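Fold and geometry: a report
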Amino acid sequence: MTNFNEVIERKGTRSVKWDFADQLFKNDGILPMWVADMDFQVPDAVTNALQDRVSHGVFGYTMPDEDVKQTIVEWVSRQYDYQIEKDWIFYSPGVVPSLHMLVQALSEVGDHVLIQTPVYPPFYSVVKNHGRHIVKNQLDFDGERYTIDFDDFEKQIKDNQVSLFILCSPHNPVGRVWTKEELQKMADICLKHDVTILSDEIHADLVLGDHKHTSIASLSEEIDQATVTCYSPTKTFNLAGLQASYVTAKDKQKRKRLERQFHGQGINMLNTLGLTALEAAYKDGEPWLVNLRHTLEENVSYVRERLHNETDSIRVIEPEGTYLLWLDCRKLGLEHEDLKTFMQDQAKIGLNDGASFGEEGKGFMRMNIAAPKETIQEGVERLIRAVQSA
Ligand SMILES: Cc1ncc(COP(=O)(O)O)c(C=O)c1O
């Protein structure tokens with residue numbers, strides 16, 4: 001059984017988060033609370049399945065078979081109440097590689113692509129790298145919660161003749177789990193203006209409290225036809241290093257395009273261990289996921305209470321999903337570059353730079369709270385001490 005309180009030494013495993021932190025933050029002794037993976041062990045069922053597979057000792061080409069497809073179909077149905085079919089599934093080493101391929105498959109060079117900012121940094125590069133143009137629908141922020149400005153959403157689409165919308169659902173970094181009503185409104189506008197929806201739902205399983213994830217494609221037959229969705233077990237079950245994800249598309253025409261793009265680039269398999277882990281996690285990982293969600297909820301409460309009790313300068317934007325806390329640090333009164341220096345040199349914690357999510361992220365930092373309590377407490381106390389002695 002995974003002990004979510006156990007501190008596991010990750011240094012020396014070539015961990016991006018731990019082994020590259022000193023290099024990135026240009027300081028020794030940084031406590032890494034940045035890149036989005038977790039400091040927890042995966043479900044035992046996953047480790048056991050991997051050990052069995054490794055002990056076989058032969059690692060030739062592997063392909064997901066009907067059983068794997070069925071496991072995915074059942075997971076999507078059980079978790080998101082969305083009925084997909086086996087032949088709607090495409091495999092990919094990761095959601096970011098998928099986004100790159102899908103932007104190319106679903107839009108043309110010179111097209112305009114809508115994103116909702118601040119947003120996960122690769123949303124910018126997957127558009128720009130392929131000669132498409134970014135159009136922003138900036139999220140509204142009232143100091144506590146982010147919402148969508150639907151008038152602006154439609155205006156941006158109309159004014160720029162947007163052909164593709166990349167939705168981040170749940171949203172990284174602002175932590176929103178979009179409601180059915182919000183998704184319906186966005187989808188209606190997209191249908192009205194013939195905009196294809198590319199929905200990145202990598203955080204779909206990481207919902208907190210009473211929040212429930214809805215896959216935008218599940219809202220109606222018509223929306224399903226207009227949408228291509230990216231899912232993955234890697235964020236949910238801490239398998240990012242195993243690189244396994246998939247894309248689903250109902251519409252035949254879109255599937256043809258995807259086939260040309262994915263197969264045309266030689267991408268139509270899953271690596272052996274990624275495939276093994278995906279199957280084991282989806283079949284036997286649910287009890288672990290329930291415990292993970294409790295742990296994340298407790299960590300959110302802890303960070304919020306400690307920070308809000310000890311300082312007025314940093315506000316935790318209450319996350320509805322993801323394990324990434326968006327911290328409003330504007331009351332510290334620092335220029336953004338000074339804020340980054342403050343976190344790394346005074347607090348000695350490694351956070352993601354808010355401005356990397358877009359201009360709107362200036363004055364904000366992103367903290368990863370998927371770690372044992374001891375690590376979280378250490379990070380929060382470092383931050384409080386630094387703020388109080390500033
Ligand atoms: C919204 C979003 N999409 C994609 C990814 C990364 O996906 P992958 O590791 O499968 O490329 C992340 C990782 O944090 C993310 O937050």
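Residues numbered from 1 in each chain as written. Predicted model: local features only at pLDDT ≥ 70, side-chain atom pairs only at ≥ 80, totals over all residues. Heavy atoms only, no water.

1. Digging into the site of the ligand
For clarity, the cut-off: Neighbouring residues are identified by heavy atoms, a residue being near a molecule or strand if any of them is within 4 Å of it. Each accessible area is a Shrake-Rupley result for a 1.4 Å probe, and residues are judged covered by the shown protein chains and nothing else. For each structure, a 1 Å grid was placed over the protein atoms alone; sets of points admitting a 1.4 Å probe that cannot get out are labelled cavities, open sets with protein on both sides within 12 Å along at least five of seven lines are labelled pockets, and lining residues have an atom within 4 Å of a point. By definition, a pocket or cavity contains a molecule when more than half of the molecule's atoms lie within 2 Å of the pocket's grid points. Counting from the N terminus, the helices are the DSSP runs of H or I reaching at least four residues and the strands are the DSSP runs of E reaching at least two. Gly is put with the polar residues, along with every residue not named as nonpolar or charged; the nonpolar set is Ala, Val, Leu, Ile, Met, Phe, Trp, Tyr, Cys and Pro, and the charged set is Asp, Glu, Lys and Arg.
The environment of the ligand is formed by A36, G94, V95, V96, P97, Y120, C168, N172, D200, I202, H203 and K235. Alone, the ligand offers 400 Å² of accessible surface; in the complex the protein occludes 88% of this. Here the ligand occupies the largest pocket. Here the element with the most residues in the shell around the ligand is helix α5 (residues 95-106); it accounts for three residues. Taken together, the residues that form the shell around the ligand break down as seven nonpolar, three polar and two charged.

2. Some words on the sheet that holds strand β7 (residues 162-168)
Where strands meet in a sheet, backbone hydrogen bonds hold them as pairs that are either parallel or antiparallel. Heads up, the rule is: For two strands to be treated as a pair, DSSP must find no fewer than two bridges joining them. Lines are fitted to the C-alpha atoms to define the axes, a helix being fitted only along its stretch in contact, and any angle between axes, read from their N-to-C directions, falls within 0 to 180 degrees.
With mixed pairing, seven strands are arranged side by side in an open sheet as β2-β10-β9-β8-β7-β3-β4. Every interior strand has two partners, whereas the edge strands, β2 (89-92) and β4 (133-136), have only one. Taking each pair of neighbouring strands and ignoring which way they run, the sheet shows an average axis angle of 25°. Alignment of strand β3 (residues 112-115) against β7, held across three bridges, turns out to be parallel.

3. Points about the domain arrangement of the chain
For clarity, the threshold we go by: An automatic or database domain assignment supplies the start and end points of every domain. Summed over both partners, buried area is the accessible surface (1.4 Å probe) that two parts give up on being assembled. Here a salt bridge means any side-chain nitrogen of Lys or Arg lying within 4 Å of a carboxyl oxygen belonging to Asp or Glu.
For the chain, the assigned domains read domain 1 (16-43 + 286-388) and domain 2 (59-283). The straight-line distance from the C-alpha centre of domain 1 to that of domain 2 is 26 Å. Counting each side, the surface lost to burial between domain 1 and domain 2 is near 2900 Å², with a carbon and sulfur contribution of 57%. In this assembly, domain 1 and domain 2 are joined by four salt bridges. We note a salt bridge from R145 to E320, for which the minimum N-O separation is 3.0 Å.

4. Side note on the sheet that holds strand β15 (residues 364-368)
What counts is decided by this rule: Only heavy atoms enter the contact rule, under which two residues are in contact if any of them lie within 4.5 Å.
The four strands are arranged β11-β12-β15-β14 in an open sheet whose pairing can be described as antiparallel. Across the chains shown, the open sheet's two edge strands, defined by having one partner strand only, are β11 (315-317) and β14 (352-353). Where β14 lies against β15, two bridges are found, and the strand directions are antiparallel. By the bridge assignment for β15, D353 is matched with M365. Along the sheet, helix α12 (residues 286-310) makes contact with β11, β12 (324-328) and β15, crossing β11 at roughly 155°. Most of the contacts of helix α13 (residues 336-347) go to β15, to which it runs at about 30°, and overall it touches β14 and β15.

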